[in-house]
Amino acid sequence: MSDDPQEVMDVEEEKPKRRRKPKGERRGKASAALQFLPDQSTFFTIKNKQRRQEEWRKIKKEKKKAKSDARDAREKERKALGDKAPPKQIPNTLDNTREKDPTVLQTGENGEVDEEVEKDLTQDEFSTYFERSYVPKVLITSSELCQGTKTRAFMKELERIIPNGESIIRKNKSSVKKMVEEAKERNYSDILIINEDRKKPNGLLVIHLPDGPTGYFKLTNLKTLKCMKRPMDHITLHRPEVILNNFTTRLGHGIARMLASLFHYDPEFRGKRVATFHNQRDYIFFRHHQYHIKSEDKVRLHELGPRFTLKLKWLQEGTFDTKYGEYEWNIADKRHQLETGHRKRFYL
């Protein structure tokens, strides 16, 4: 290499200079994602944060107004055309784009009734309940050494909602298996065990007696009567009506029958109380209402409380046995199936 400084300067001058891109082009994918902005150059040059936020609000307001005007124009066109109007656009949701499940029961107007499935449902563990051969008697208890006041309040509220329900706080460290045997001797039909973590309810174990099955649900979004500011006196002692909605698969029908067997099969319509279990995307929402009929076309609903959400974690054959029990369904085995594909799969 030459030591002449003049030759070194000549080599440096020959190197091509890199052209600096404008600020708008350097944004790459971010600028492509904001193509709906009317004037990007003006928007990005605003250095004051408050003015930039105000401009952003104006842009969003204009976009919302344009969308609303387009919707109103389509409604006017549909009314003007009448029967010749184009079909209404249906947005894509997780419910209508879900993967087809072969276990979905096609009954009624959607398809013929599967005799094999109906025969299996009439011969399952809950068939004696639907034959009205016994009156349900439910034991409501908690996990060992229950200390949470919210858990105890929730137990009392379930006792008030479920007919023939009896809440007992576990003061000894007896196992669940011993509790099941004692409950059989006292002619209980079901056991509800509320699990808690850090003095807050987080799980619900449902055991159907005498031969199972056993289901464990994750308990979330619990709002007791105290949280909802509802008095206990508004919950009458009448037997409520039970609504089970959107349980479409064979597993969902089994879970619905398990939840229905907790309540008396002969509701008292004078009380006008309704307990609803609504399944949506494998989340079971519980609501408790009282309805008032104002006229033939108008009914007013009054929520009595409590409200909570259940998520099925596993379903086991027979009564509770974590060591030797056989699992009919376990969400731990389905996680990889839930993650595959671009469309979500639901099991209830």
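Structure: see above.
Residues numbered from 1 in each chain as written. Predicted model: local features only at pLDDT ≥ 70, side-chain atom pairs only at ≥ 80, totals over all residues. Heavy atoms only, no water.

Student: Quick question: what am I supposed to make of the nonpolar core here?
Tutor: A general feature of soluble globular proteins is that nonpolar side chains tend to end up buried together. In this structure, Ile 140, Leu 192, Phe 217, Leu 251, Ile 255, Ile 284 and Phe 308 are the most contacted members of the largest nonpolar core, which totals 35 residues. If you tally residues by element for this core, the top one is helix 10 (residues 250-260), at five residues. Leu 192 has contacts with Val 138, Leu 139, Ile 140, Thr 141, Ile 162, Leu 204, Leu 205, Val 206 and Leu 262, leaving out every residue within four places of it along the chain. Met 179, Val 180, Ile 193 and Phe 320 belong to the second largest nonpolar core, which has 13 residues in total. (Core = buried A, V, L, I, M, F, W, Y, C linked by side-chain atoms within 4.5 Å. Buried < 20%, exposed > 50% of the residue type's maximum accessible area, 1.4 Å probe, protein only. Helix = DSSP H or I, 4+ residues; strand = E, 2+ residues; numbered from the N terminus. Contact = heavy atoms within 4.5 Å.)

Student: Please clarify how a negative patch on the surface should be interpreted in this entry.
Tutor: A contiguous patch of negative charge, built from Glu 125, Asp 211, Glu 317, Glu 326 and Glu 328, is present on the exposed surface. Mapped onto the elements of the fold, Glu 317 is located in the loop between strand 10 (307-316) and strand 11 (327-330). (Patch = residues over 30% accessible without salt bridge, like charges linked within 9 Å, V, L, I, M, F, W, Y side chains within 5 Å. Areas by Shrake-Rupley, 256 points an atom, 1.4 Å probe, with all protein chains shown as cover. Salt bridge = Lys/Arg side-chain N within 4 Å of Asp/Glu carboxyl O. Lys, Arg positive; Asp, Glu negative; His and termini not counted. Charge placed at Lys NZ, Arg CZ, Asp CG, Glu CD.)

Student: I tried to follow the packing of aromatic side chains on my own but got confused; where do I start?
Tutor: Within a pair of aromatic rings, the relevant descriptors are the distance that separates the centres and the angle that separates the planes. Tallied over the entire structure, the rule returns 10 aromatic pairs. Measuring from centroid to centroid gives 5.4 Å for Trp 314 and Tyr 327, while their planes differ by 90°, and the two rings are edge-to-face. Of the two residues, Trp 314 sits in strand 10 while Tyr 327 sits in strand 11, which places them 13 residues apart along the sequence. By the ring-pair criterion, three or more aromatic residues cluster together here, those being Phe 154, Phe 263, Phe 277, Phe 286 and Phe 308. For the cation-ring pair, Lys 137 lies above Tyr 188, with the distance from its terminal atom to the ring centre recorded as 4.7 Å. Between the NZ or CZ atom of Lys 311 and the centre of the ring of Tyr 283, over which it lies, the distance is 4.5 Å. (Phe/Tyr/Trp six-rings, centres within 6.5 Å; stacked < 30°, edge-to-face > 60°. Lys NZ or Arg CZ within 6 Å of the ring centre and 35° of its normal.)

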